[in-house]
Amino acid sequence: MRRLLSTRRVIPLDRLDEYLAAWARLREAFVAAGGRAWLFRAGARQDHFIEFLEFGGREDILERDNIVEAREVLDEEFGEGQVEEWEEAPTS
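Residues numbered from 1 in each chain as written. Predicted model: local features only at pLDDT ≥ 70, side-chain atom pairs only at ≥ 80, totals over all residues. Heavy atoms only, no water.

Asker: Explanation requested: the overall build of the protein chain in the structure shown.
Answerer: A count of helices and strands for the protein chain gives two helices and four strands. Across the protein chain, helices and strands are ordered from the amino to the carboxyl terminus as β-α-β-β-α-β. Against the globule reference of 12 Å for 92 residues, the protein chain gives a C-alpha radius of gyration of 13 Å, in line with a compact fold. Dimensions of the protein chain, computed from C-alpha atoms along their principal axes, come out at roughly 45 × 30 × 20 Å. Here the protein chain holds 92 residues, and the buried ones make up 33% of them. Surface exposure of the protein chain reaches about 6100 Å², of which carbon and sulfur atoms provide 48%. Taken together, the 13 basic and 21 acidic charged side chains of the protein chain have centroids lying 5 Å from each other. (Helix = DSSP H or I, 4+ residues; strand = E, 2+ residues; numbered from the N terminus. Rg over C-alpha atoms; globule rule 2.2 N^0.38 Å. Buried < 20%, exposed > 50% of the residue type's maximum accessible area, 1.4 Å probe, protein only. Areas by Shrake-Rupley, 256 points an atom, 1.4 Å probe, with all protein chains shown as cover. Lys, Arg positive; Asp, Glu negative; His and termini not counted. Charge placed at Lys NZ, Arg CZ, Asp CG, Glu CD.)

Asker: Is there a simple way to think about the sheet that holds strand β1 (residues 2-10) in this case?
Answerer: Strand order in the open sheet formed by four strands is β2-β3-β1-β4, and the pairing between neighbours is antiparallel. Here the strands that pair on one side only, and so sit at the sheet edges, are β2 (36-41) and β4 (82-87). Going across the sheet, the axis of each strand differs from the next one's by a mean of 15°, ignoring polarity. By the bridge criterion, six bridges tie β1 to β4 in an arrangement that is antiparallel. Each residue of the ladder has a partner; that of arginine 8, found in β4, is glutamine 82. (Pairing = 2+ DSSP bridges. Axes fitted to C-alpha atoms, helices over the stretch in contact; angles between N-to-C directions.)

Dropping the structure here:
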């Protein structure tokens, strides 16, 4: 079953480069562990972001040390975001 973790954050625009670098570290670790990761910015609010981490099969992916550390850096540096967990819905 596929799962998705979404996190919404508001990032001060003067810290955008720092945020993107921290996100890139998380994305790299997550993809290397077999997950998929995307980052979107709101069209109407340039400081609003939503991060998506998609995974399945390997439920321990969120507990890997390098991924935990990368998520903690984002939370510590940019504030804890609004996190939601999703599960794939059956289509038939």
